[in-house]
Amino acid sequence: MSESTLRIGLVLPDVMGTYGDGGNALVLRQRARMRGIDAEIVSITLDDEVPDSLDVYTLGGAEDFAQRLATRHLSEHPGMQRAAERGRPVLAICAAIQVLGHWYETAAGERVDGIGMFDVTTSPGPERSIGELVTAPLLEALTQPLSGFENHRGITALGASARPLGSVRHGVGNGTSDRVEGVVQGTVIGTYMHGPLLARNPELADHLLQQATGTALAPLDLPEVEQLRRERLAAAR
């Protein structure tokens, strides 16, 4: 791997890989390569320290026990946290929001400390939220609706330092009365959308790539991606 290679971190896929969220790293790599940018995925498991030298980091969903393992590992090896402090983008899906928050409460009622990258807390709701999720983006860089598949029981409350990623148009999202979804804090983005998220939302994928490379990207003409977007948005309606 050369110094000019874009390095995409796939963080703890052995415990944080529910619903194919590892596909987000694949989408980033492919969209970079289609623009002539050399890109590689760096898989970081529980056997590895988390480096602070990568260009972008992705984390997926998990169940309660796996969340605990991930939280402990990221606390002991805070390379991703150091990278985010320097402005490297991080994408956290579903349970990863909870791991990156101040604390989350398990289904058994136990409160577990997170790693504090997000000013959020998460408690279990009365029932699971399952189905298509569509939001209007609140992140200034995005103009197109975001869509994904949610399957979670968490109710995530945002603190003063965090802001929502989108406003819910269909589905549940964070489960709070203000009908918002996800969280944005600095260059760290969290969402409850599976799909994989970036396959369904290329504008967000390119936003992360632009943050990772520090350069403007030429658009890609991919009719099959637009067809997928239309189908998924229509399914929600």
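Quick word on the pattern of salt bridges
Evaluated as defined, the whole model comprises 11 salt bridges. Between aspartate 52 and arginine 86 there is a salt bridge, and its shortest N-O distance comes to 3.8 Å. In this pair, aspartate 52 is assigned in the loop between β2 (39-44) and β3 (56-59) and arginine 86 in the loop between α3 (79-85) and β4 (90-93), connecting sequence segments 34 residues apart. Note on aspartate 52: relative accessible area 25%, which makes it partly exposed. For arginine 163, the salt bridge goes to glutamate 140, with nearest N and O atoms at 3.2 Å. Taken together, the positions of arginine 163 in the loop between β8 (146-158) and β9 (166-170) and glutamate 140 in the loop between β7 (120-137) and β8 put the pair 23 residues apart, joining distant regions of the chain. Given a relative accessible area of 34%, arginine 163 falls into the partly exposed group.

Considerations on the packing of aromatic side chains
By the definition in use, this model includes zero aromatic pairs. The lysine or arginine in question, arginine 111, covers the ring of tryptophan 103, its NZ or CZ lying 3.5 Å from the ring centre.

Some points on the sheet that holds β4
A sheet is described by the order of its strands in space; here six strands give the open sequence β2-β1-β3-β4-β12-β11, paired in mixed fashion. Edge strands, defined here as strands with exactly one partner in the open sheet, are β2 and β11 (183-185). Neighbour to neighbour, the strand axes of the sheet diverge by 15° on average, direction disregarded.

Description of the environment of glutamate 181
Following the sequence through the fold, glutamate 181 ends up in strand β10 (residues 180-181). Note on glutamate 181: relative accessible area 0%, which makes it buried. Sequence spacing of glutamate 181 and leucine 146 is 35 residues, and the spatial spacing of their C-alpha atoms is 10 Å. Setting aside anything within four residues of it in sequence, one finds glutamate 181 in contact with Leu133, Thr135, Pro164, Leu165, Gly166, Val168, Gly173, Asn174, Thr191, Tyr192 and Met193.

As for helix α6 (residues 202-213)
For α6, with 12 residues, the first-to-last C-alpha span of 16 Å sits near the 16 Å given by 1.5 Å per residue. Residues of α6 that are buried include every one of Pro202, Leu204, Ala205, Asp206, His207, Leu208, Leu209 and Ala212, and no others. Positive backbone phi, at 75°, marks glycine 214, one or two positions downstream of α6.

Cut-offs and rules
- Residues numbered from 1 in each chain as written.
- Predicted model: local features only at pLDDT ≥ 70, side-chain atom pairs only at ≥ 80, totals over all residues.
- Heavy atoms only, no water.
- Salt bridge = Lys/Arg side-chain N within 4 Å of Asp/Glu carboxyl O.
- Helix = DSSP H or I, 4+ residues; strand = E, 2+ residues; numbered from the N terminus.
- Buried < 20%, exposed > 50% of the residue type's maximum accessible area, 1.4 Å probe, protein only.
- Phe/Tyr/Trp six-rings, centres within 6.5 Å; stacked < 30°, edge-to-face > 60°.
- Lys NZ or Arg CZ within 6 Å of the ring centre and 35° of its normal.
- Pairing = 2+ DSSP bridges.
- Axes fitted to C-alpha atoms, helices over the stretch in contact; angles between N-to-C directions.
- Contact = heavy atoms within 4.5 Å.
- Expected span 1.5 Å × (residues − 1).

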